[in-house]
Amino acid sequence: QVQVVESGGGLVQAGGSLRLSCAASGRIFKLNDMAWYRQAPGKQRELVADITSGGSANYADSVKGRFTISRDNAKKTVSLQMNSLKPEDTAVYYCNADVVRTYYSSAIKYWGQGTQVTVSS
């Protein structure tokens, strides 16, 4: 089985910073893209940022210039550094990992349990 576990998050004032971390573990033959999504109350889950195994990153327009995604392939981790936070960044943040479990397997996306980020005005 594969586990995806997030850490970080919490309460911060507007303009502040937070760092989220996520680790994938278990039976992993190959780890493809890793990503951060978020879901605010009453809204659909949306992509915040993703990063390929080669380090190419993609960001939602709403976070460009403020958030930075990075990964450590050896440790199977991905991080999201969030700066200049705004109240509209308040949401549950989810880590997603695209995993190939064996040589013969297709890739499957695994989700973490989510971590709350609250930005006060």
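All values derive from a computational prediction rather than experimental measurement. (Residues numbered from 1 in each chain as written. Predicted model: local features only at pLDDT ≥ 70, side-chain atom pairs only at ≥ 80, totals over all residues. Heavy atoms only, no water.)

> Hey, could you run me through the nonpolar core in this one?
With 31 residues, the main nonpolar core has Trp36, Val48, Phe67, Val78, Leu80, Met82 and Tyr93 as its most contacted residues. Those elements that provide at least two residues to this core are strand S1 (2-7), strand S3 (18-26), strand S4 (30-39), strand S5 (46-51), strand S7 (67-72), strand S8 (77-82), strand S9 (91-100) and strand S11 (115-120). Counting residues per element, this core draws most heavily on S9, at 5 residues. For Met82, the residues in contact, after removing those within four places along its chain, are Gly16, Ser17, Leu18, Leu20, Arg66, Phe67, Tyr93 and Val117. (Core = buried A, V, L, I, M, F, W, Y, C linked by side-chain atoms within 4.5 Å. Buried < 20%, exposed > 50% of the residue type's maximum accessible area, 1.4 Å probe, protein only. Helix = DSSP H or I, 4+ residues; strand = E, 2+ residues; numbered from the N terminus. Contact = heavy atoms within 4.5 Å.)

> Would you explain the side chain of Thr115 in this entry?
Here Thr115 lies in strand S11. Looking at Thr115, the relative accessible area reads 10%, which means it is buried. Not counting chain neighbours up to four residues away, the residues in contact with Thr115 comprise Glu6, Gly8, Gly9, Leu20, Ala91, Val92 and Tyr93.

> What's the story with a nonpolar patch on the surface in this structure? I'm lost.
A cluster of nonpolar side chains, contributed by Phe29, Tyr103 and Tyr104, occupies part of the molecular surface with about 480 Å² of accessible area. Turning to its location among the elements, Phe29 is positioned in the loop between S3 and S4. (Patch = residues over 30% accessible without salt bridge, like charges linked within 9 Å, V, L, I, M, F, W, Y side chains within 5 Å. Areas by Shrake-Rupley, 256 points an atom, 1.4 Å probe, with all protein chains shown as cover. Salt bridge = Lys/Arg side-chain N within 4 Å of Asp/Glu carboxyl O.)

> Would you take a moment to explain the state of the cysteines for this structure?
Enumeration over the complete set of coordinates arrives at 1 disulfide. Cys22 shares a disulfide with Cys95; S-S distance 2.1 Å. The sign of the S-S torsion, about -80°, decides the handedness of the disulfide formed by Cys22 and Cys95: left-handed. Highlighted residues: Cys22 in strand S3 and Cys95 in strand S9, separated in sequence by 73 residues. Each member of the pair, Cys22 as well as Cys95, is classed as buried. (Disulfide = S-S within 2.5 Å.)

> Any chance you could explain the pairing of S7 here in plain terms?
A regular strand places its side chains on the two faces of the sheet in alternate fashion. The two faces of S7 differ: Phe67, Ile69 and Arg71 on one face are buried, but Thr68, Ser70 and Asp72 on the other face are not. Direction of pairing for S7 relative to S8: antiparallel, over a ladder of 6 bridges. From the neighbouring strand, Ser70 faces S8, where its bridge partner is Ser79. Between S7 and S8, which pair antiparallel one after the other, the connecting turn spans 4 residues, and Lys76 there sits at a positive phi close to 60°. (Pairing = 2+ DSSP bridges.)

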